Amino acid sequence: MEISKNQLLLKRPINVKAVVTPRWKEEAQQQLQAQINQLDSQLQQLEMQGQHMIGELKKQSLQPPGPEALTQIENIQNQVNEQKSKLLDQKNQILQQLQQLQTLELEQEVSQGQIESVFTVEKGDNLISKMQVEILLRDGVVEEIRGDI
């Protein structure tokens, strides 16, 4: 890209949209399900780590555990519960996305995020129109580029 003295090189965000197709829906479901499975695994691991840490504390402390050991056990349990709550919130959000995915109609356009692009401007260009560019994908293939490239 050659730039003259009368041009500026700028960055712009480009909205990426996808056309809902059976393939797109299936891939989106698989991604969301993989995220759910990963969160389930993290929850299980968290629970096991918490149990292990509490078990070690109980082994190392007096029987019955003293006030200091009980406080440590309570702190561990609170940390585990707090982390569990965060993971469950994430899981619920993904489950909601999965439900929303079911309601999407074929051929509907949905936002996929943004990417950046570099472009040139010169005197007389409409900057606003040059900033409003989007790409439409169908099963990962660029179907349309909308806006002033």
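Cut-off values and rules
Residues numbered from 1 in each chain as written. Predicted model: local features only at pLDDT ≥ 70, side-chain atom pairs only at ≥ 80, totals over all residues. Heavy atoms only, no water. Core = buried A, V, L, I, M, F, W, Y, C linked by side-chain atoms within 4.5 Å. Buried < 20%, exposed > 50% of the residue type's maximum accessible area, 1.4 Å probe, protein only. Helix = DSSP H or I, 4+ residues; strand = E, 2+ residues; numbered from the N terminus. Contact = heavy atoms within 4.5 Å. Pairing = 2+ DSSP bridges. Axes fitted to C-alpha atoms, helices over the stretch in contact; angles between N-to-C directions. Expected span 1.5 Å × (residues − 1).

**Q** How would you sum up the nonpolar core? Please name residues and give values.
**A** Counting 20 residues, the largest nonpolar core has Trp24, Leu101, Leu104 and Val110 as its most contacted members. Take this core: its biggest share by element is nine residues, from helix α1 (residues 22–60). Excluding its chain neighbours within four sequence positions, the residues that come into contact with Leu104 are Val20, Trp24, Lys25 and Val110.

**Q** Which residues make up the sheet that holds strand β4 (residues 141–146), and what values go with them?
**A** Spatially, β2-β1-β3-β4 is the arrangement adopted by the four strands of the open sheet, whose pairing is mixed. Single-partner strands in this sheet number two, and they are β2 (109–122) and β4. Looking at each pair of strands side by side, their axes are set apart by 25° on average, direction ignored. With four bridges connecting them, strand β1 (residues 7–19) and strand β3 (residues 134–138) associate as parallel partners. Paired with Val16 across the two strands is Ile135, which belongs to β3.

**Q** So, α1: which residues are in play, and what are the values?
**A** Taking 1.5 Å as the rise per residue, α1 with 39 residues should run 57 Å; its terminal C-alpha atoms sit 57 Å apart, in good agreement. All of the buried residues along α1 are Trp24, Lys25, Ala28, Leu32, Ile36, Leu39, Leu43, Leu46, Gly50, Ile54 and Leu57.

**Q** Please give an account of the environment of Glu105 that cites residues and values.
**A** As for its placement among the helices and strands, Glu105 is situated in the loop between α2 (67–103) and β2. Judged by its relative accessible area of 57%, Glu105 falls in the exposed class. Spatially, the C-alpha atom of Glu105 lies 26 Å from that of Gln132, the residues being 27 residues apart in sequence.

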